[in-house]
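What follows is each chain in one-letter form.
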Amino acid sequence: MANLLATKPMNLLMEESRETGGHSLKRTLGVFQLTALGVGAIIGAGIFVMVGLGAHYAGPGLTLSFVLSGLGCAFAGLCYAEFAAMIPLAGSAYTYAYATLGELLAWIIGWDLTLEYAMGASTVSSGWSNHFIELLNIFHIQMPLWLAYDHWTALKTAENVIARQMAQISDSSLVPGSQAFLDKVSAIISAQSPELLQRAHDLLGAPHLFGMEIGFNLPAFIIALVITAILVIGIQESAGFNSAIVVVKVSVVVFVIVLGARYIQTSNWGMDWSSFAPNGFAGIGAGAAYIFFAYIGFDAVSTTAQEAKNPQRDLPIGMIASLGICTVLYIGVAAVLTGMVRWQQINIEAPVARAFLDRGLTTASHIITLGALAGLTSVMLVMLLGQTRVLYAMANDGLLPKKFFAAVHPKFRTPWKNTILVGLLAAIVGSVTPIEDIGRMVNIGTLLAFVIVSISVAVLRYTNPNQPRPFRTPWVPLVPILGVISNGYMMLKLGMWNWIRLVAWLAIGLIVYFTYSVKHSRVQALQANKK
């Protein structure tokens, strides 16, 4: 057990951080590219979708919900920033845990990060496909449902289309997208009438393989492979591609705020606390929990530590600046949306786009769709980038086969083999698995990483107080404790099944660790040599 809890020596970590040459990663990223990677990871379709659900809990107080979610991330972000500056290595929370909590816990968090990054990329590829299909619809181009979604999602989509038609016919006074309309659609789907099922299968029109209907999300598969190719070519090219997309999507968010501000009616924000927060502070807290997904990703910046020109200075700036920029933009969008539309009437499915469509701003809603597409593209790039760098760090420590997972391309200076593997897996999972199933796993994996990093900062301040820290987390241990409490609380809110999935995933990881990793660990070998 003592060996399993062995920490990686700080002098070894610092020696690795100074490695150069053809077998090391290429240091080309400056503070702008790192900040853009953070913004690229954070701003996705969530801001254009999750605000609707959040508003139905928080009312006009949705702006405070974004502040609360941002604070939870900020506590963890300050802890990440100290580690990123102190240990400028790829691997993020995995590397930090190895330096403080020991090898077994480091393996657990490294395995857990796969839920955040690889599964996150799969979730995003599926979401990207949904917006791509919406874009095609603008130009009146239709894709067969069985080629646009995985089978289960395609069938649900067909049922939803038919149910919406049936709801409209049964009561023409219902407004599409309203809560009453959605309740009626839900009731029709729940009834699962023979008419609904037959019409849904007819609309699906899926081919059969071995007597079973098949579905394959072709757009999700293709975009994951395109992003993988960009990542293999090089980190500088990947960062440049990401920066260009970030400019587009930030411009779209600013466009939404500026144009929407012209249609704000301040009475929609309420005249006192009870009308500003109709469900009280509990409603604001519930809204914060639902919109947390919109913040996921800023920690991926820390995985590029070995590719930053000046990691001690630039990594903390990149993480904190990207989180701050996105929080300001999110609050702006929330304020505009709740000012344009009374909170009870905010559309749940496409809240921002519908708010503009209801005012006849069709072109604006199309621009929002393009912004969501751009947002998801950069999120996918940063998620896949983060996953490959974590695997690279684990392989360098001997916990995964080094010849494959840490192989660096002689020309591109990227971990090309593991990038191709991760990209293929993300493409396949995203094209055949329902988005909600993999999406649920992402949140709990992210929150666990936040909790462990918060604990690790406090532990290292105690065990190694004299280690140089270019950036110091303020108010330790208060900030780490708040990070554990806020993110741990959100983990508890995710429900039993998410915990069961997490435990099952970690159990698989422990089998891999005890059958391979513990026998090939560099740290274990160093300890054995000392004896």
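Refer to the structure presented above.
What you are looking at is a predicted structure, and each value in this text was computed from that prediction instead of being measured. Residue indices follow the written sequence of each chain, beginning from 1 at its first position. Residue-level local features of this predicted model are given only where pLDDT is at least 70; pairs of side-chain atoms are given and counted only at 80 or more, and the full residue set underlies all totals for whole chains, interfaces and linings. Where side-chain values are given, they derive from all heavy atoms of the structure, hydrogens and water being excluded.

Draft legend 1. Just the overall build of the chain, in detail. Strands here are runs of E lasting at least two residues and helices are runs of H or I lasting at least four, both read from the DSSP assignment and numbered beginning at the N terminus. Looking only at helices and strands, the chain has 23 helices and two strands in total. For a compact globule of 531 residues, the expected C-alpha radius of gyration is about 24 Å, and the chain comes in at 24 Å, within 12% of that figure. Expressed as lengths along the three principal axes of its C-alpha atoms, the size of the chain is roughly 80 × 60 × 40 Å. Only protein chains enter the calculation, and the probe is 1.4 Å; a residue is then buried if its accessible area is under 20% of its type maximum, exposed if over 50%, and partly exposed in between. The buried share of the chain, reckoned over its 531 residues, is 56%. Contacts: residue pairs with any heavy atoms within 4.5 Å of one another. Long-range contacts, defined as pairs at least 24 residues apart, comprise 83% of the intrachain contacts of the chain with a sequence gap of at least 6. Carbon and sulfur atoms make up 68% of the accessible area of the chain, which amounts to about 21,500 Å² in all. Charged side chains of the chain number 31 positive and 25 negative; the gap between the two group centres comes to 10 Å. Throughout, radius of gyration means the C-alpha value; the globule benchmark is 2.2 Å times the number of residues raised to the power 0.38. The accessible surface values rely on the Shrake-Rupley method and a 1.4 Å probe; as for residues, cover is taken only from the protein chains in view. We score Asp and Glu as negative and Lys and Arg as positive, and we do not count His or the chain ends. For charged residues, the charge sits on one atom: NZ in Lys, CZ in Arg, CG in Asp, CD in Glu.

Draft legend 2. Local environment of the pattern of salt bridges. The rule for a salt bridge is simple: a side-chain nitrogen of Lys or Arg has to be within 4 Å of a carboxyl oxygen of Asp or Glu. This model, assessed by the stated rule, comprises six salt bridges. A salt bridge links K8 to D397, with the shortest nitrogen-to-oxygen separation between them at 2.3 Å. Here K8 is found in the segment before α1 (10-17), whereas its partner D397 is found in the loop between α17 (362-396) and α18 (402-405), with 389 residues between them in sequence. What makes K8 buried here is its relative accessible area of 3%. Since its relative accessible area comes to 4%, D397 is described here as buried. Residue R469 is joined to E82 by a salt bridge in which the shortest nitrogen-to-oxygen separation is 2.9 Å. Of this pair, R469 sits in the loop between α20 (435-463) and α21 (478-492) while E82 sits in helix α4 (residues 62-86), and the two are 387 residues apart along the sequence. When sorted by exposure, R469 lands in the same class as E82, which is buried. Among the charged side chains, a network of salt bridges with common partners joins E82, R461 and R469.

Draft legend 3. Representation of the packing of helix α8 (residues 151-170) against helix α10 (residues 194-204) within the structure. Running from N to C, α8 and α10 point in directions that differ by 120°, and their axes come no closer than 8 Å. Considering their axes alone, α8 and α10 lie oblique with respect to each other. The hand of the α8/α10 crossing is right-handed. Contact residues: α8 offers H151, A154, L155, A158, E159, V161, I162, A163, Q165 and M166, while α10 offers E195, L196, L197, R199, A200, H201, L203 and L204. The class makeup of the residues in the contact of α8 with α10 is twelve nonpolar, three polar and three charged. Simply put, an axis is a line fit to the C-alpha atoms, just over the touching stretch for a helix, and the angle between two N-to-C directions goes from 0 to 180 degrees. The cut-offs work like this: below 35 degrees is roughly parallel, past 145 is roughly antiparallel, 65 to 115 is roughly perpendicular, and the gaps in between are oblique. By definition, any crossing whose near helix is turned counterclockwise from its far helix by less than a right angle is left-handed, and any crossing with a clockwise turn is right-handed. The nonpolar class holds Ala, Val, Leu, Ile, Met, Phe, Trp, Tyr, Cys and Pro. Asp, Glu, Lys and Arg form the charged class, and all remaining residues, Gly among them, are polar.

Draft legend 4. The arrangement of unusual backbone geometry in detail. With omega at 10°, the peptide bond leading from V476 into P477 counts as cis. Positive phi values are uncommon outside glycine, yet R413 reaches one of about 55°. By the secondary structure assignment, R413 is in the loop between α18 and α19 (416-432). For W475, which is not a glycine, the phi torsion comes out positive at approximately 55°. Its location among the elements puts W475 in the loop between α20 and α21. Given the relative accessible area of 67%, W475 is considered exposed.

Draft legend 5. Region of the structure containing the nonpolar core. Membership of the largest hydrophobic core comes to 143 residues, with the highest contact counts inside it found for F48, F66, Y94, F356 and M380. In terms of residue count, α17 provides more of this core than any other element does, 18 residues in total. Ignoring any residue separated from it by four or fewer positions in sequence, one finds F48 in contact with V252, V253, V256, P351, V352, I368, G371 and A372. Buried Ala, Val, Leu, Ile, Met, Phe, Trp, Tyr and Cys residues that are joined via side-chain atoms within 4.5 Å together make up what is termed a nonpolar core.

Draft legend 6. Structural view of the packing of aromatic side chains. Here a Phe, Tyr or Trp ring, Trp counted by its six-membered ring, pairs with any other such ring whose centre lies within 6.5 Å, and the pair is stacked when the planes are under 30 degrees apart, edge-to-face when over 60, and tilted otherwise. As enumerated under the stated definition, the model contains 15 aromatic pairs in all. Both rings, one in W273 and one in F276, keep their centres 6.0 Å apart while their planes meet at 45°; by these two values the pair is tilted. Here F276 and W273 lie together in helix α13 (residues 273-276), a separation of three residues that amounts to about one turn. Classification of W273 as partly exposed rests on a relative accessible area of 47%. With a relative accessible area of 21%, F276 lands in the partly exposed category. The interplanar angle of 70° and the centroid separation of 5.1 Å between the aromatic rings of Y295 and Y330 together place this pair among those described as edge-to-face. One end of the pair, Y295, is in the loop between α14 (280-291) and α15 (311-340); the other, Y330, is in helix α15, with 35 residues separating them in the sequence. With respect to burial, Y295 and Y330 carry one shared label: buried. The rings of W107, W111, W505, Y513 and F514 are connected pair by pair, giving a single aromatic cluster.

Draft legend 7. Layout of the packing of helix α6 (residues 103-138) against α19. Two numbers describe how α6 lies on α19: the axes approach to 8 Å, and their chain directions differ by 50°. Here α6 lies oblique to α19, going by the angle between them. Between α6 and α19 the crossing geometry is right-handed. From α6, A118, M119, A121, S122, S125 and S126 reach across to α19, where they touch L425, A426, V429 and G430. Its residues placed into classes, the contact of α6 with α19 shows six nonpolar, four polar and no charged.

Draft legend 8. Summary view of a nonpolar patch on the surface. Taken together, the side chains of L64, V67, L68, L71, W273 and F281 define a hydrophobic patch exposed on the protein surface, amounting to about 520 Å² of accessible area. When residues of the nonpolar patch are assigned to their parent elements, the largest contribution, four residues, is made by α4. Within the secondary structure, L64 sits in helix α4. Two distance rules govern patches: like charges are joined within 9 Å, and nonpolar side chains (Val, Leu, Ile, Met, Phe, Trp, Tyr) within 5 Å, applied only to residues with over 30% relative accessible area and no salt bridge.

Draft legend 9. Here's a closer look at the environment of T35. Relative to the assigned elements, T35 resides in helix α2 (residues 31-42). A C-alpha to C-alpha distance of 5.3 Å links T35 and S322, two positions 287 residues apart in sequence. In this structure T35 touches I317, G318, A321, S322 and I325, once residues within four positions along its chain are discounted.

Draft legend 10. Region of interest: the side chain of E307. The topology assignment puts E307 in the loop between α14 and α15. Of the polar contacts made by the side chain of E307, one reaches the side chain of R389; its length is 2.6 Å. If we skip the residues at most four places from it in the chain, E307 touches L25, K26, R27, T28, L29, I235 and R389. Two N or O atoms form a polar contact when they lie within 3.5 Å of each other; inside protein one atom must be a possible hydrogen donor and the other a possible acceptor, and for residues adjacent in sequence the pair counts only when both atoms belong to side chains.

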